[in-house]
Amino acid sequence: MATTSRLKKSPLSAANKGQKTARAALLRYGLPALLLGLPLFLCLLGLALGRYSIPVADVGRILLSPLFPNTAAGVDETAVRLVLRVRLPRTLAALLIGASLGSTGAAFQGIFKNPLVDSNILGVTSGAGFGAALALLLLWPAWLVQTSAFGFGLLAVGLAFFGSRLYRSAPMLVLTLMGILVGSLFGSLTSLLKYVPDPLDTLPAITFWLLGSLASVTWRDLPALVGITAVGAAFLWLVRWRLNVLSLGEAEAITLGTNPTGLKLAIIVAATLMTAVAVAVSGVIGWVGLVIPHAGRILVGPDHRRLIPAGLSLGASFLLLIDLIARTVLPGEVPLGVLTGLIGVPLLIVLLRRNRTGW
Amino acid sequence: MKLEAQNIGFAYTPEVPVLHDVSLSLAEGDVLFLLGRNGSGKTTLLSCLSGIQRPSHGDVLLDSRSLHTYNASERARRIGLIPQLHTPAFAYSVREMVLMGRAPHLSLFGAPSAADRAIADEALENVGLHDLRERPYTEISGGERQLALIARGLAQKCDILLMDEPSAHLDLSNQHRVLEMVDQLARQGLSFIISSHAPNNALSYASRVLLLHRGKVLGYGPPQETLTEALLSKAYGLHTEIIYEHRDGQEQARAVIAKRPFTLPPAALDWPDSPLAQAFAPDAEMPQLFLITGLSGVGKTTWCGELVRLAQQRGLRVAGLWSPAVFADGRKVGIDMVDLHTEEQRRLACLRGKEATAVSTIQWAFDEEVIAWGNHVLAHLPDNDLLVIDELGPLEFLRDEGLLAGLRVLDAGAYRVAAVVIRPSLLPEAQARWPHAQVITPR
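Residues numbered from 1 in each chain as written. Chains lettered and ligands numbered in written order. Predicted model: local features only at pLDDT ≥ 70, side-chain atom pairs only at ≥ 80, totals over all residues. Heavy atoms only, no water.

Asker: Any chance you could break down the overall build of chain A for me, citing the residues and the numbers?
Answerer: For chain A, the count of helices and strands is 14 helices and zero strands. Listing each helix as α and each strand as β along chain A from the N terminus yields α-α-α-α-α-α-α-α-α-α-α-α-α-α. For chain A, the C-alpha radius of gyration of 23 Å lies close to 21 Å, the compact-globule estimate for 359 residues. Counting over 359 residues, chain A shows a buried share of 51%. Counted over contacts in chain A with a minimum sequence separation of 6, partners at least 24 positions apart contribute 73%. Summed over its atoms, the accessible surface of chain A is roughly 16,700 Å², and 71% of this surface lies on carbon and sulfur atoms. Averaging the positions of the 28 positive and the 12 negative side-chain charges in chain A gives two centres separated by 18 Å. (Helix = DSSP H or I, 4+ residues; strand = E, 2+ residues; numbered from the N terminus. Rg over C-alpha atoms; globule rule 2.2 N^0.38 Å. Buried < 20%, exposed > 50% of the residue type's maximum accessible area, 1.4 Å probe, protein only. Contact = heavy atoms within 4.5 Å. Areas by Shrake-Rupley, 256 points an atom, 1.4 Å probe, with all protein chains shown as cover. Lys, Arg positive; Asp, Glu negative; His and termini not counted. Charge placed at Lys NZ, Arg CZ, Asp CG, Glu CD.)

Asker: How would you summarise unusual backbone geometry if you had to cite specific residues and measurements?
Answerer: Residue and element names in this part refer to chain B. Cis peptide bonds are those with omega within 30 degrees of zero, and the linkage from Asp 390 to Glu 391 qualifies with 0°. The topology assignment puts Glu 391 in strand β19 (residues 386-392). For Arg 214, which is not glycine, the phi torsion reads 50° and is therefore positive. Along the chain, Arg 214 turns up in the loop between β9 (208-213) and β10 (216-221). Residue Arg 214 is classed as exposed on the basis of its relative accessible area of 70%. In the Ramachandran plot, Glu 343 falls in the positive-phi region, its phi being about 65° despite a non-glycine side chain. Tracing the backbone shows Glu 343 in the loop between β16 (331-339) and β17 (345-351).

Asker: Can you break down the environment of Leu 34 of chain B residue by residue, with the values?
Answerer: All names here are of chain B. Take Leu 34: it is sitting in strand β3 (residues 31-36). Between the C-alpha atom of Leu 34 and that of Leu 211, which follows or precedes it by 177 residues, the distance is 6.0 Å. With near-sequence residues (within four places) excluded, Leu 34 lies in contact with Lys 42, Leu 45, Leu 46, Ile 193, Ile 194, Ser 195, Ser 196 and Leu 210.

Asker: Explain helix α14 (residues 404-412) of chain B to me, using residue names and the numbers behind them.
Answerer: Residue and element names in this part refer to chain B. Listing the buried residues of α14 in full gives Ala 405, Gly 406, Leu 407, Val 409 and Leu 410. On its buried face, α14 sits against β13 (288-292), α12 (368-379), β19, α13 (394-399), β20 (417-422) and α15 (427-433). Where α14 ends, the next residue or the one after it, Gly 413, has phi of about 70°, a positive value.

Asker: Mind laying out the interface of chain B and chain A, listing which residues take part and the relevant values?
Answerer: On the chain A side, the residues contacting the 36 residues of chain B number 33 residues. For the chain B and chain A pair, buried surface summed over both sides reaches about 2,600 Å², with 65% attributable to carbon and sulfur atoms. In this assembly, chain B and chain A are joined by two salt bridges. Measuring nitrogen to oxygen at the nearest pair gives 2.6 Å for the salt bridge that ties Arg 152 of chain B to Glu 252 of chain A. Only α2 (72-78), β6 (79-82), α3 (94-99) and α5 (142-155) of chain B provide two or more residues apiece to the side of chain B that touches chain A. Considering each element in turn, the side of chain B that touches chain A owes the most residues, four residues, to α2 of chain B. Residues belonging to the side of chain B that touches chain A are distributed by class as follows: 22 nonpolar, eight polar and six charged. (Buried area = accessible area lost by both parts, 1.4 Å probe. Salt bridge = Lys/Arg side-chain N within 4 Å of Asp/Glu carboxyl O. Nonpolar A, V, L, I, M, F, W, Y, C, P; charged D, E, K, R; others polar.)

Asker: If you had to explain a nonpolar patch on the surface to someone new, which residues and values would you point to?
Answerer: Residue and element names in this part refer to chain A. On the surface, Leu 34, Leu 38, Phe 41 and Leu 299 cluster together into a nonpolar patch covering about 330 Å² of accessible area. When residues in the nonpolar patch are grouped by element, the largest group, three residues, is from helix α1 (residues 2-48). Among the structural elements, Phe 41 can be located in helix α1. (Patch = residues over 30% accessible without salt bridge, like charges linked within 9 Å, V, L, I, M, F, W, Y side chains within 5 Å.)

Asker: Would you mind going over the sheet that holds strand β7 (residues 160-164) of chain B in detail, with residue names and values included?
Answerer: All names here are of chain B. Taken in spatial order, the six strands make up an open sheet running β6-β7-β8-β3-β9-β10, and their pairing is mixed. Sheet topology places β6 and β10 at the edges, where each strand pairs with a single neighbour. Taken pair by pair, the neighbouring strands of this sheet meet at an average axis angle of 15°, ignoring direction. When β3 meets β9, the two strands line up parallel, connected through five bridges. Each bridged residue has a counterpart across the sheet, and for Leu 34 the counterpart in β9 is Leu 210. Contacts between helix α9 (residues 229-236) and the sheet are confined to β3, β9 and β10, with β9 contributing the most and set at about 40° to the helix. (Pairing = 2+ DSSP bridges. Axes fitted to C-alpha atoms, helices over the stretch in contact; angles between N-to-C directions.)

Asker: Could you give me a rundown of α5 of chain B, with the residues and numbers involved?
Answerer: Residues and elements named next belong to chain B. Over its 14 residues, α5 extends 20 Å from the first C-alpha to the last, a length consistent with the 20 Å expected when each residue adds 1.5 Å. With 12 of 14 residues buried, α5 lies mostly within the body of the structure. When α5 is considered as a whole, its buried residues turn out to be Gly 143, Arg 145, Gln 146, Leu 147, Ala 148, Leu 149, Ile 150, Ala 151, Arg 152, Gly 153, Leu 154 and Ala 155. Remark: Lys 157 follows α5 within two positions and exhibits a positive phi of approximately 55°. (Expected span 1.5 Å × (residues − 1).)

Asker: Give a description of the environment of Pro 197 of chain A that names residues and reports values.
Answerer: Residue and element names in this part refer to chain A. Along the polypeptide, Pro 197 turns up in the loop between α6 (171-195) and α7 (202-211). With a relative accessible area of 11%, Pro 197 lands in the buried category. Note: C-alpha distance between Pro 197 and Leu 136 (61 residues apart in sequence) is 9.5 Å. Setting aside residues up to four positions removed in sequence, Pro 197 forms contacts with Leu 137, Thr 202, Leu 203 and Ile 206.

Asker: Give a detailed account of the packing of helix α4 (residues 124-137) of chain A against helix α11 (residues 260-282) of chain A, specifying residues and quantitative values.
Answerer: Residue and element names in this part refer to chain A. Put simply, α4 and α11 touch, their axes get as near as 10 Å, and they point 35° apart. Between α4 and α11 lies a crossing of right-handed hand. Contacts between α4 and α11 involve Val 124, Thr 125 and Ala 128 from the first element and Thr 272, Thr 275, Ala 276 and Val 279 from the second. Taken together, the residues of the contact of α4 with α11 break down into four nonpolar, three polar and no charged. (Left-handed = near helix turned anticlockwise from the far one by under 90°.)

Asker: Quick rundown of the side chain of Ser 196 of chain B? Include the residues and the values.
Answerer: Secondary-structure assignment places Ser 196 of chain B in strand β8 (residues 191-196). Within polar-contact distance, the side chain of Ser 196 of chain B engages the backbone nitrogen of Ala 198 of chain B at 2.8 Å. (Polar contact = N/O pair within 3.5 Å; in protein donor to acceptor, adjacent residues only side chain to side chain.)

Asker: Please provide a residue-by-residue account of the pairing of β17 of chain B, values included.
Answerer: All names here are of chain B. As paired strands, β16 and β17 are joined by five bridges and run antiparallel to one another. In the sheet register, Val 338 faces β17, and the bridge partner there is Gln 345. Taking the residues that link successive antiparallel strands as the turn, the β16-β17 hairpin has five residues, and the phi of Glu 343 there is positive, at about 65°.

Asker: Run through the pattern of salt bridges, naming residues and quoting values.
Answerer: Applying the stated criterion across every chain yields a total of 20 salt bridges over all chains. Taking the shortest distance from any N to any O, the salt bridge between Asp 121 of chain B and Arg 95 of chain B comes out at 3.0 Å. Within this pair, whereas Asp 121 of chain B is found in helix α4 (residues 114-127), its partner Arg 95 of chain B is found in helix α3, the two being separated by 26 residues in sequence. Salt bridges linked by common partners bring Arg 90, Asp 323 and Arg 327 of chain A together as one network.

Asker: Help me get a handle on the state of the cysteines, residues and values and all.
Answerer: Put plainly, a disulfide is one covalent bond tying together the sulfur atoms of two cysteines. What the rule picks out here adds up to zero disulfides over all chains. No disulfide involves Cys 48 of chain B; its sulfur sits 18 Å from that of Cys 158 of chain B, the nearest cysteine. (Disulfide = S-S within 2.5 Å.)

Asker: Any details on the packing of helix α5 (residues 142-164) of chain A against α6 of chain A? Residues and values, ideally.
Answerer: Residues and elements named next belong to chain A. Where α5 contacts α6, the two axes come as close as 8 Å, and the packing angle between them is 140°. The angle between α5 and α6 places the two elements in the oblique class. In terms of crossing hand, the pair formed by α5 and α6 is right-handed. Note on element contacts: α6 touches α5 through Val 174, Leu 175, Met 178, Gly 179, Val 182 and Phe 186, opposite Phe 152, Leu 155, Ala 156, Leu 159, Ala 160, Phe 161, Gly 163 and Ser 164. Across the contact of α5 with α6, the residue classes tally to 11 nonpolar, three polar and no charged. (Parallel < 35°, antiparallel > 145°, perpendicular 65-115°, else oblique.)

Taken by themselves, the reported measurements are silent on function.
Following this line, the structure appears as structure tokens:
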């Protein structure tokens, strides 16, 4: 027995070693390639597929046509218009909003030391929902609806944050509680607003907005979305290793040379701006911020140095995929918020089951 | 002078002060042990000293500059804190955890470099966790997590390391490893403040001890002077004794919880299988020698007193010397010597000086006249059935002083049954001298 096992052992351990270096190489080169390639691939797919399918080669030529007008020669005019006017802004929005929700979810989970929170923990989405509902009720134009959603999103987080400052002890716990309270408050106010309006016209608009959709995204929505998301994501990217230190709690962060209060506030501001602008464009899209960080941890581990990039990439990929499904699989457009829930919840259950090594 | 607390006080809520008027100073190479009961304020004091909390009274100075005027990373490059064991929300690998010790050396947007990883790996090597470095921190044992936190503290490369109960979860060998490492690093100039529940580690490793009691300083100074029986007993609300062990010619103090004195069961002299009963049997071989041994505080003297009482009850003739302790205000302040035949009692030893406490034999002033009297008693013993000598110690065995008449009586075998109190360190010599002796350890 003993001899057999010893005989077996050496080739096995050699194989293990080979496996190990192969794994290290995969981690080093394969993972970044995957994280970069997956959203790009889904973008291309998103541009090509839909009720009206366009060959990928044509999509490429169409994308180049604004720079080199001749490349799109011979491609159907409708396809060009469809890709450039409708699908490109929509795909870019899905990419940015998904990236935003995935990465801010990871950041919030980190600073709250809690793997069960997402970007809505401080009430930004609820606030934005109320802001949009109010604007829709008042029949304001679309850009004002977005502005109102953005503004009330920030207001909700501000209320939660400054409300928590009234208490001296356990700041993060009180902040979580305040976030939940403010979120519930705006949820109730939104329900109140849904009770008031014309049920044939305004009420459906409010309801659809609250369910989330990218169907109405146009180029006009993109500058604010691109600008705020890029700046916020860049900040999260820069402080991503520090998030590890913050996730150990305030006291330990202090003894490890980090001022937790200032840095957390900066991260909350960045993540809130990102989430608010995302929600203002797309409406309420739940589950991405909760599910994606978990998927990311399974793929790259809990180190935020890799988790933030993973959150950006997987969040973008997830929302691109969801939007693709919303547009192609089912007749009519299924609201995104519904799909993220329908797909995200089972996915989360599977991930939690698989991820037995803590979070 | 490096780190200094000046009359600091702290309260989480104004009504309940946790620290009151605590002062200490820590110089290069100092190892300061914080001792005190649960809730006495040790962790809060470490929080104030590490900058987590700002004291509500007084100030903490680092190199004569108020600690809160340092920025977070500047401070953390000087002072590190190894916290009590905790479970983080995320399953970082052991190595990632240790790498976080490099945070004060990195910019806000920075991440550890290869050099930082080398420092972390070296720290892991030092605590013996190198093989576990890729394992999730949440999955290793409590002791291993503790070692990982210590490695993180080492990787932080600061001048002052505060440790909150570092050995709480460690096995014997890892405790030793960590304390030896502390000792070695202190020799290289690092300073340590270690909160602990092990007074004996303080007696062995501390250069200074601060004894906290309900947030106030009960004692502060060198361990041998601070960890007295009186102060330890007060700090822990428990009768504590300091005993001395002799190992390799060195005297090592140890604090022990005083046990309830041993009492000989009343029937011990009547049990047929008891060696004592056999010794007093009419057909027993004479002489019979019993060596009564056990660590200080175990109750050797009490045991002898009980034996004398039992023997006298049975009409046995008892002779020899017995040395009960003299207590005042719950403290041992003297040792008497009693001639068991005449029951004459004299004061053998007093504490040297007013302030001295019963810490070391050096602090006892022995009365040479009483020793001479004791020798006289032993040299002129009446006929007896039981000879008691309490005790024969290093003076007699190692220095040819003290109750030498006792040694002569025993060497000559001029007794029927003898009970002699001997401390454990001298047991081998006594047994070599009287090979027929039987050993009894009161429990």
